[in-house]
Amino acid sequence: MSKEQHQLKASNPIGIFDSGIGGLTVASAITKLLPNEKLVYFGDTAHLPYGDKSADSIKYYGIRISQFLLEHQCKLIVIACNTASAQAFETIKDFVGNKAIVVNVIDPVVNEVAGMASSKHVGVIATKGTVKSDIYAKKLKTAKKGLEVSSLATPLLVSMIEEGFFNNKISRAVIHSYLDRPKLKKIDSLILACTHFPLIKPEIEEYYKHKMNIVDSAGVVAQEVAQVLKTNKLQNKLKNPRHQFFVSDYTDSFEKSTHYFFKGKIKLEKADIWK
Ligand code: DGL
């Protein structure tokens, strides 16, 4: 059965999930580009960080969260997490079937970078899970022959960002110690292959004295979502949509970050889907 046969409704929301606040960078870009779409966000804070978990665990979380988003009638699900996109995209797509469209955050970035004439040696910073999957190197090299890819796991960055440590001395020291690694010395472009990292993009730009081509997923994924909705005639026309934000475990940092992105207009709800 095709998506059309299942009759996805334009008036239904877009579901988005991540392990925590990282996916909010994507959610925020989507609301800016598509102000008439309603979002249902799920931050799986009970299992954060995803980067250190096994692929089997990530698949299990992805299926259960997708089920939750389907129960909220989502017409499209954005896996706003590189780790889950790397390890569970196919599993989630199989599970969701024709009940919703599933978008990952890796393919739009790969297409963007492969299309840049200047990219010859691309650096990728990501969680351990994403780096271990080697998905960026495989996809980038398929999309653009001869491209060199150097990937570095930067596991401390996610916890640092979740704890609200950015734009200060500590975050700068951690970021510098990762970016100083010999592996990244010869790159001409850098992919922020974790949806948490746009929050430290200004510090990364500063490290490179604004001379590095830095690509993150927020903007390009929002563009991809817009395109997919248009192609499938699923664009919503809602005036002032009321987004919903769920977490599997309540955390102060999540509450603060949602307000940082969505200016206090939101109510945070706890959805204990793991009981
Ligand atoms: N924001 C996620 C990513 O893009 C997950 C980070 C984590 O929970 O380790 O990979």
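Our structure's up above, just so we're on the same page.
Note that the structure is predicted; figures quoted are calculated from it, not measured. (Residues numbered from 1 in each chain as written. Predicted model: local features only at pLDDT ≥ 70, side-chain atom pairs only at ≥ 80, totals over all residues. Heavy atoms only, no water.)

Trainee: What exactly am I supposed to notice about the pairing of strand 1 (residues 14–18) here?
Mentor: Each regular strand shows side chains that alternate between the opposite faces of the sheet. Where burial is concerned, most of strand 1 is hidden: 5 out of the 5 residues are buried. Burial along strand 1 is two-sided: I14, I16 and D18 facing one way and G15 and F17 facing the other are all buried. The pairing of strand 1 with strand 2 (residues 39–43) spans 5 bridges and is classified as parallel. Residue pairing for strand 2: G15 is matched across the bridge by V40. For the handedness criterion, the β-α-β arrangement of strand 1, helix 2 (residues 23–33) and strand 2 is classed as right-handed. Two strands pair when backbone bridges link them, and strand 1 and strand 3 (residues 76–79) are joined in this way by 4 bridges, in the parallel orientation. Bridge pairing in strand 3 links F17 to I79. (Buried < 20%, exposed > 50% of the residue type's maximum accessible area, 1.4 Å probe, protein only. Helix = DSSP H or I, 4+ residues; strand = E, 2+ residues; numbered from the N terminus. Pairing = 2+ DSSP bridges. Right-handed = clockwise from strand over helix to strand, strands pointing away.)

Trainee: So what exactly am I meant to see when it comes to the pattern of salt bridges here?
Mentor: Two side chains of opposite charge can pair, provided their charged atoms sit close to one another. Under the criterion given, the structure shown has 7 salt bridges. Here E37 ties to K75 by a salt bridge, and the two come within 2.7 Å at their closest N and O atoms. Here K75 lies in the loop between helix 3 (55–71) and strand 3 and E37 lies in the loop between helix 2 and strand 2, a separation of 38 residues in the sequence. Side by side, E37 and K75 carry an identical accessibility label, which is buried. Note that K201 is salt-bridged to D216, the shortest N-O span being 2.7 Å. (Salt bridge = Lys/Arg side-chain N within 4 Å of Asp/Glu carboxyl O.)

Trainee: Honestly, the environment of I135 in this entry has me stumped. Any pointers?
Mentor: Mapped onto the secondary structure, I135 falls in helix 7 (residues 135–143). Considered as a pair, I135 and D44 are 91 residues apart in the sequence and their alpha carbons are 23 Å apart. In contact with I135, other than residues within four places in its own chain, are A86, I106 and T130. (Contact = heavy atoms within 4.5 Å.)

Trainee: Mind showing me how you'd approach the sheet that holds strand 4 (residues 101–104) here?
Mentor: Backbone-to-backbone hydrogen bonds pair the strands of a sheet. The strands run either parallel or antiparallel. Pairing in this open sheet of 6 strands is parallel, and the strands run 4-3-1-2-9-10 from one edge to the other. In this open sheet, the two edge strands, each paired with only one partner strand, are strand 4 and strand 10 (268–270). Adjacent strand axes in the sheet meet at a mean angle of 20°, parallel and antiparallel pairs treated alike. Sheet analysis places strand 3 next to strand 4, joined by 4 bridges and oriented parallel. Considered in strand 4, the bridge of V78 is made with V103. Helix-sheet contacts for helix 3 involve strand 1, strand 2, strand 3 and strand 9 (244–247), and the interaxial angle to strand 1 is about 155°. (Axes fitted to C-alpha atoms, helices over the stretch in contact; angles between N-to-C directions.)

Trainee: Sorry, what's going on with the environment of I106 here?
Mentor: The topology assignment puts I106 in helix 5 (residues 106–114). Linking I106 and T127, residues 21 residues apart in sequence, is a C-alpha distance of 13 Å. Excluding anything up to four places from it in sequence, I106 contacts N82, S85, A86, I135, Y136 and K139.

Trainee: So what exactly am I meant to see when it comes to the packing of aromatic side chains here?
Mentor: Working definition: an aromatic ring pair is given by the centre-to-centre distance plus the angle between the planes. Tallied over the full model, the rule gives 11 aromatic pairs. When the centroid spacing of 5.6 Å and the interplanar angle of 70° are considered together, the rings of Y61 and W274 count as edge-to-face. Within this pair, whereas Y61 is found in helix 3, its partner W274 is found in the segment after strand 10, the two being separated by 213 residues in sequence. Look at W274 and you get partly exposed, because its relative accessible area is 22%. (Phe/Tyr/Trp six-rings, centres within 6.5 Å; stacked < 30°, edge-to-face > 60°.)

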